[in-house]
Amino acid sequence: MPSADRTVGRRDLISDLAAAVGARHTQTDEDILAPLLVDERRRYHGDALAAVSPADTAEVATVMRLCAAAGVAVVPQGGNTGLCGGATPQREVPSVILSLRRMREVRHIDRLGRTITVGAGATVEEVAGAAAAAGLLFPLSFGAEGTAQIGGALSTNAGGTSVLRYGSARALTLGLEVVLADGTVARLGRGLRKDNTGYDLKHLFVGSEGTLGVICEATLALHPLPRQRATAMAALSADAAPAPATGAGGASAGLEVLGRLLDASDGRVSACEWLSPTTRLLACAQPGGARDPFGPGTESLLLVELTSGRAGDDLRRLLEEVLAGALADGLICDATVADGTAAAERLWRVREAPPEAEKRSGGSVKYDIAVVPDRMPVFLERAAVAVGTVLPGVRINAFGHLGDGNIHFNLLAPSGTPPDALFDREERLTEAVFDVAESLGGSFSAEHGIGQRWRHELARRKQPAELDLMRRIKAALDPHGVLNPGKVV
């Protein structure tokens, strides 16, 4: 980064920022800044000269121009719910945090075209609520949706529980308004389903984690609002595998059940979530845990949900028929189909409980792995052996989006062992897990992003030609390294 004294002093910069966005929206108080300087998991801590909250795109552009002239970095920050330190400023770089929380209005809903245009500061939950009020579905859904802002969700290409049917944030993005490092405002895409006029530039910014530009507005695809929903959970039979604690055999059975559901439902499976035996135990441990619908058990669990925009009850019948066949063929040993919204929410509570359960167990090392779905059982078996070699007795909390090949392969210290036994071996455990994923043609970051945490792994594992292209794009759009330095590349 150039010196902050190159053009104007830092004190003058703060005054200029306050003049641009308002003194109330330019914060330098240490107590106000403190929660903005640490990430969700408290792994990364940074410093900032100020935090600013512009009211519109023009003010964002002014902030970028002022900071670029002063040689001060800009760190875009949404709901600050990321797990890789991507929104946390670095201590060694003079920075200003840019929050779009004031830019949260719903600007337009096109019911016929099924799109919604929103300010980047709206939360994912607010976008979904506005779509639902118009009788439509915004399907992006994940645990932090009540806090995560849509700009941050797009900048990290968020995934979640509905990727199997609707795709990740990238698939839902039809247009963006972004501000570049020099303050240039660019409108990329116009909300069209088809636009073949050159490079599709909006997708450069989806998943770029604020390193190429600041997303200020988004036009997003909507879908029919479900009029019927069928949710079920099954206990999978095939857990007598070489690595039973991972449920690798159960994952194989779960994939077979998923295949049958996809064939029978004409693609109406909206979620397919899997929990290993260890995850089931943690999620349902009391006090504070969810209720196990089958009572204590050692099998892995499969949560599936089908949705349709048509009224009726055919999805429930279809789901029951497929599960009955799976039971007869020995793929599952028990199942329950929710008989209403409350029952479905109880099943989803089992899936949503693992993160809090990990905290109660003393913390974890989190990995976000993707492989082609039919390779997931092999990954689980090989990764279990690899981490067990590094730390005998390590507990494997593997769960997640089996349907799209994304598993959260999280590790906890061996029972009765202090957490430091796990964290002291984190580097070797990481190498072991990522090597297995790479050997199977997988990714070490399916939906969490790169941020600060995995920047060195990206440099090590990405193909040289891909890295070179990424660095060229960064240099072209942000030659002075103003935007979110120290992240991704």
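Residues numbered from 1 in each chain as written. Predicted model: local features only at pLDDT ≥ 70, side-chain atom pairs only at ≥ 80, totals over all residues. Heavy atoms only, no water.

> Please clarify how the sheet that holds strand S4 (residues 95-99) should be interpreted in this entry.
Sheet strands pair by backbone hydrogen bonding; their relative direction is either parallel or antiparallel. As summarised here, the arrangement of the 4 strands in space is S1-S2-S4-S3, forming an open sheet in which the pairing is mixed. Two strands in the sheet have a free side with no partner beyond their single neighbour: strand S1 (26-27) and strand S3 (73-77). Pairing analysis gives 2 bridges linking S1 to strand S2 (residues 50-52), with the strands arranged antiparallel. Its bridge partner being in S2, glutamine 27 is matched across the sheet by alanine 51. Running at roughly 175° to S4, helix H3 (residues 57-70) makes contact with S2, S3 and S4 of the sheet. (Pairing = 2+ DSSP bridges. Helix = DSSP H or I, 4+ residues; strand = E, 2+ residues; numbered from the N terminus. Contact = heavy atoms within 4.5 Å. Axes fitted to C-alpha atoms, helices over the stretch in contact; angles between N-to-C directions.)

> What's the story with unusual backbone geometry in this structure? I'm lost.
In this structure, proline 287 follows glutamine 286 across a cis peptide bond, with omega equal to 0°. In the Ramachandran plot, arginine 42 falls in the positive-phi region, its phi being about 60° despite a non-glycine side chain. Mapped onto the secondary structure, arginine 42 falls in the loop between helix H2 (30-33) and S2. With relative accessibility at 58%, the residue arginine 42 sits in the exposed group. (Buried < 20%, exposed > 50% of the residue type's maximum accessible area, 1.4 Å probe, protein only.)

> Can you help me understand the layout of surface pockets in this one?
Regions of empty space are outlined by a rolling probe, equal in size to a water molecule, passed over the atoms. What the second largest pocket holds in volume is close to 860 Å³. Lining of the second largest pocket is provided by 32 residues; of these, Gly207, Ile450, Leu458, Lys462 and Met470 occupy positions nearest its centre. For the lining of the second largest pocket, the elements supplying multiple residues, two or more each, are helix H7 (202-205), helix H15 (426-439), helix H16 (455-461) and helix H17 (464-477). With 5 residues, the single largest contributor to the lining of the second largest pocket is H17. Of the residues belonging to the lining of the second largest pocket, the class tally is 13 nonpolar, 11 polar and 8 charged. (1 Å grid on protein atoms, 1.4 Å probe; cavity = no way out; pocket = protein on both sides within 12 Å on 5 of 7 lines; lining within 4 Å. Points joined across faces, edges and corners; volume = space filled by probe spheres on them. Nonpolar A, V, L, I, M, F, W, Y, C, P; charged D, E, K, R; others polar.)

> Help me out: how do you make sense of the environment of lysine 462 in this one?
Tracing the sequence through the fold places lysine 462 in the loop between H16 and H17. For lysine 462, a relative accessible area of 31% translates into the label partly exposed. Residues lysine 462 and alanine 326, 136 residues apart in the sequence, show an inter-C-alpha distance of 40 Å. With near-sequence residues (within four places) excluded, lysine 462 lies in contact with Glu457, Leu467 and Met470.

> Would you take a moment to explain empty space enclosed by the protein for this structure?
In this structure the tally under the stated criterion is 2 cavities of 30 Å³ or more. Its volume calculated, the largest cavity comes out at about 40 Å³. In terms of residue class, the lining of the largest cavity is made up of 4 nonpolar, 1 polar and 3 charged. Within this model, the second largest cavity holds a volume of roughly 30 Å³. Taken together, Gly160, Thr161, Ser162, Val163, Leu164, Cys272, Glu273, His401, Gly403 and Asp404 make up the lining of the second largest cavity.

> Sorry, what's going on with the packing of helix H13 (residues 376-390) against H15 here?
Packed helices, taken two at a time, are described by the angle their axes make and the gap between the axes. For the pair H13 and H15, interaxial distance at closest approach is 9 Å and the crossing angle is 155°. Between H13 and H15, the interaxial angle falls into the category roughly antiparallel. When the axes of H13 and H15 are compared, the crossing they make is right-handed. Judged by residue contacts, Phe379, Arg382, Ala383, Ala386, Val387 and Val390 of H13 engage Arg428, Leu429, Ala432, Val433, Val436, Ala437 and Ser439 from H15. Looking at the contact of H13 with H15 residue by residue, the classes come out as 10 nonpolar, 1 polar and 2 charged. (Parallel < 35°, antiparallel > 145°, perpendicular 65-115°, else oblique. Left-handed = near helix turned anticlockwise from the far one by under 90°.)

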